[in-house]
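Chain by chain, the residues:
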Amino acid sequence: MRKIVIAGNWKMYKTQAESLEFLQGFMNHLNETPDDREILLCAPFTALGALSKNLHGSRIKIGAQNIHWESAGAYTGEISGVMLKELGVRYVIVGHSERRQYFGETDETVNLRLKAAQQHGLTPILCVGETGDQRSQGETETVITQQLKRDLVEVDQDNLVIAYEPIWAIGTGDTCEAIEANRVISLIRNQLTNPNVPIQYGGSVKPGNIDEIMAQPEIDGALVGGASLEPSDFARIVNFQ
Ligand code: PGA
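What you see is a predicted model; the values in this text were computed from it and never measured. (Residues numbered from 1 in each chain as written. Predicted model: local features only at pLDDT ≥ 70, side-chain atom pairs only at ≥ 80, totals over all residues. Heavy atoms only, no water.)

1. Side note on the pairing of strand S7 (residues 199–202)
Piece 1. Side chains Ile199 and Tyr201 of S7 all project onto a buried face; the interleaved residues Gln200 and Gly202 project onto the opposite face, where all are buried too.
Piece 2. You can see the chain leave strand S6 (residues 161–164), run along helix H8 (residues 178–190) and come back into S7, and the turn it takes is right-handed.
Piece 3. Pairing of S7 with strand S8 (residues 221–224), which is carried by two bridges, proceeds in the parallel orientation. In the strand pairing of S8, Gly202 is matched with Leu223. (Buried < 20%, exposed > 50% of the residue type's maximum accessible area, 1.4 Å probe, protein only. Helix = DSSP H or I, 4+ residues; strand = E, 2+ residues; numbered from the N terminus. Right-handed = clockwise from strand over helix to strand, strands pointing away. Pairing = 2+ DSSP bridges.)

Below, the structure is given as structure tokens:
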């Protein structure tokens, strides 16, 4: 049985105060949310501690957006698994296209971060996806196959979530057709040794399209950027029908 994981990726949004304000609006929408859905907030590092304190005993899990591969060291600006664990973090996004595009993340560093997350008992969410150009040149399959091959070297597939995030669909309002996302996700699943890895779709997921996305047989959840910032929008997504 594959787990359903709905994750908010807050990116570089929300101070501690704003994060707690979000919880106030969000929590009371969860009374009827089915138990089999894992709900996750991937917040900026500075908000993790406050969220963790306020979510103690709740069903909402906390995720980070990056992790370094060493436990400690002279790596200015980085954060380690030890530090994240201390804050009650359970998941971490690795290899988001914004990190690959703006911060020089490569398949090699993605692989190191994935392994480090697992060594610290965190569940990594590996993001893969093609650019608009790659898609129009028919390279979607090749690009994703190559990312998976390089990123997953020696990674434990029993403690992993994958997010298919076509880059052209992120933050653009231009969602990938649900059927097409389902097709690519099935292709991703065929490359895995563990068929039970939850695979999410990400890219302009909204209250208006979540039901159709989640109705697809291969899609096990969503990684949600913009629409996870607003409590009622994210609640509607978590409570997909
Ligand atoms: P979006 O972002 O939902 O705002 O498109 C998704 C993501 O970057 O994970």
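Moving on, there is more to tell.
2. What to know about the packing of aromatic side chains
Piece 1. On inspection of all chains with the given rule, the structure shows five aromatic pairs.
Piece 2. Taking 4.9 Å as the distance between ring centres and 75° as the angle between the ring planes, the aromatic pair formed by Trp10 and Phe22 counts as edge-to-face. Taken as a pair, Trp10 in the loop between strand S1 (4–9) and helix H1 (16–27) and Phe22 in helix H1 lie far apart in primary sequence, twelve residues in all. Grouping residues by exposure puts Trp10 and Phe22 together as buried.
Piece 3. An aromatic cluster is present here, built from Trp10, Phe22, Phe26 and Phe234 joined pairwise through their rings.
Piece 4. Here the guanidinium or amino end of Lys14 rests over the ring plane of Trp10, the centre of that ring lying 5.3 Å away. (Phe/Tyr/Trp six-rings, centres within 6.5 Å; stacked < 30°, edge-to-face > 60°. Lys NZ or Arg CZ within 6 Å of the ring centre and 35° of its normal.)

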